[in-house]
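Inside the fold
Given next are the chains, with one letter for each unit.
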Amino acid sequence: MDKHDSPATAQASDARPVLEGPDIARVLTRIAHEIVERAKGADDVVLLGIPTRGVFLARRLAVKLAQITERTVPVGSLDITMYRDDLRMHPPRALARTEIPGDGLDGKLVVLVDDVLFSGRTIRAALDALNDIGRPRAVQLAVLVDRGHRELPIRADYVGKNLPTSLRETVKVQLAEEDGRDTVLLGVKPTDQ
Amino acid sequence: MQRHLISAADLTRDDAVLILDTAEEMARVADRPIKKLPTLRGRTVCNLFFEDSTRTRISFEAAEKRLSADVINFAAKGSSVSKGESLKDTAQTLEAMGVDAVVIRHSASGAPYRLANSGWIDAPVINAGDGTHQHPTQALLDAFTMRRRLIGRDAGLGKDLAGKRVTVVGDVLHSRVARSNVDLLHTLGAEVTLVAPPTLVPVGVETWPCEVSYDLDAVLPKSDAVMMLRVQRERMNAAFFPTEREYSRRYGLDGERMARMPEHAIVMHPGPMVRGMEITAEVADSDRCTVVEQVANGVSIRMAVLYLLLGGNEPAVTHARTTEEK
């Protein structure tokens, strides 16, 4: 269920890249155009990245949206740790930053940005967190990779790549800001010995 | 694995920094229209106060409510304790009611430790001040206030207080705040100097990780933070200094003394302040005095502690001591 498998596990089991740096850049450009198209100009769009890697993707999308629309697009982050439904199944996690752009979210079109869409539980938590912060006009979801296996009735509005996976596989997104390079790795979970 | 917060000395440097960093995020909840997080929904926290307290009890209660915990307030006055019930029986009553955590303030040093290690209850115990022993959340909120003021909110994330010089002035003998602060500030790398009349310096202070001075004026110019303590008359059963005026003249902080502190230095006070005794109104009302900030920060720190001890299936804070050594 956890999409952030440690890089060590992903690499140890011969992870192979399914998206490389230039692919990720192209995918983000396409998503930016789709956002502008669907929002008819992206006037009231606010991008909220879900830490850690969603935030970097949101910032990159904001740059691309600014290039397309020639306006700055507000970008922030939304930490969902305190809203997780599996808090009691793990030791408490360190919190990440929630940064809501100055004008708030009321009446805005919020686009949530995350790296991998898997069970959908992160997004449910994000919707709960949004509820406590403001009342957007609408909420949409952009993800770099949709790997399937939803456990909740949630879907993405913008998908970088649909990646059919088995539950034995792991998907690991690496971004230059955090990991030093851009890539999406598909690996196999080491079997429990 | 220990799940309690009994003494500031139990915290490792990494634990303390984690608590401060978590508190920094918790502080941002206070700026939101809905100041509430669902994290401790369905958990019951009992505030067990055997000793009078306004600030600490309200602060814990606010922190618990912001994390959506159910709160039971228990004050010894007017309870079965005044009829002669022991701590053990009170604890077992709470255990039977299914309390998930106990916040305890007691006039007897060691009461929280006893509660945590006696096997009377299973729930995590958080010390909200015991006798003249410890008050760990106060030390944490003081460290948090110092880090914010001396390093910066965002700049301070992940950092300790290495190299900061903190002076604690006043009734060290009766002060659990001083003891907790000496322990925690030492862990965080700060240099602590205690300043007090010799009668108010405890026996055995030479084993504490700090310096002791009797001369406030000599220490002030070398301080990044000056923490004034209240003279705790209610714990005094002897004359520790000739007159209040003499104490105030030698160990009180007035505007003239404050001017001798470095430009960036702050004045702290755990409250309640006695204006005219250890601190003059001029100092208490100046913007270098962080008393009000400390109160606000207290809620954030207590939210962080509650989250880290209760938020998961096991605590994120590891402990160096607390377990009975066998």
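Residue numbering note: each chain is counted from 1, following its sequence as written. Following the order in which they are written, the chains are lettered starting with A and the ligands numbered starting with 1. Per-residue local features are limited, in this predicted model, to residues with pLDDT of at least 70; the limit for side-chain atom pairs, both in listing and counting, is 80 or more; totals at the level of whole chains, interfaces and linings are taken over all residues.

A look at the overall build of chain A
Helical segments are the DSSP runs of H or I of at least four residues, strand segments are the runs of E of at least two, and each set is numbered from the N terminus. Across its full length, chain A carries five helices and eight strands. Shown N-terminal to C-terminal, the secondary structure of chain A runs as helices and strands in the order α-β-α-β-α-β-β-α-β-β-β-α-β. When we talk radius of gyration, it's over C-alpha atoms, and the globule rule is simply 2.2 Å times the number of residues to the 0.38. Against the globule reference of 16 Å for 193 residues, chain A gives a C-alpha radius of gyration of 16 Å, in line with a compact fold. Based on the C-alpha atoms only, the size of chain A along its principal axes is roughly 50 × 40 × 30 Å. Across the 193 residues of chain A, 40% fall into the buried class. By the criterion used throughout, residues are in contact when their C-beta atoms, derived from the backbone, lie within 7 Å. Counted over contacts in chain A with a minimum sequence separation of 6, partners at least 24 positions apart contribute 69%. Any residue surrounded by 20 or more other C-beta atoms within 10 Å of its C-beta is treated as buried, while 12 or fewer makes it exposed and the intermediate range makes it partly exposed; C-beta atoms here are placed from the backbone.

A closer look at the UniProt feature "short sequence motif: PRPP-binding" (unreviewed entry) in chain A
UniProt positions are given in the numbering used here, feature names are shortened, and annotations may be inferred rather than shown by experiment. Under the local residue numbering, the UniProt record ascribes the feature "short sequence motif: PRPP-binding" (unreviewed entry) to residues 110-122 of chain A. Spanning residues 110-122 of chain A, this segment combines 15% helix with 62% strand, and its end C-alpha atoms are found 16 Å apart.

Examining the sheet that holds strand β6 (residues 158-162) of chain A
All names here are of chain A. Between any two strands, at least two bridges found by DSSP are needed for them to pair. One open sheet accounts for five strands, arranged β3-β2-β4-β5-β6; its pairing is parallel. Every interior strand has two partners, whereas the edge strands, β3 (75-77) and β6, have only one. Averaged over all pairs of adjacent strands, the angle between their axes in this sheet comes to 25°, without regard to strand direction. By the bridge criterion, three bridges tie strand β2 (residues 45-49) to β3 in an arrangement that is parallel. Here the axes come from fitting lines to C-alpha atoms, over the contacting stretch only for helices, and the angles between their N-to-C directions go from 0 to 180 degrees.

Considering the domain arrangement of chain B
Residue and element names in this part refer to chain B. By domain assignment, chain B separates into domain 1 (8-135 + 294-310) and domain 2 (136-290). Each domain span listed reflects an automatic or database assignment of domains. For domain 1 versus domain 2, the distance between C-alpha centres works out to 25 Å. Contact residues are listed per partner, giving 27 residues for domain 1 and 29 residues for domain 2. Looking at the side of domain 1 that touches domain 2, the elements that each hand over two or more residues are α1 (13-29), β4 (125-130) and α11 (291-310).

Some thoughts on the UniProt feature "domain: Phosphoribosyltransferase" (unreviewed entry) in chain A
Under the present numbering, the feature "domain: Phosphoribosyltransferase" (unreviewed entry) in UniProt falls on residues 19-162 of chain A. In residues 19-162 of chain A, the share of helix is 32% and the share of strand is 23%. The end C-alpha atoms are 11 Å apart.

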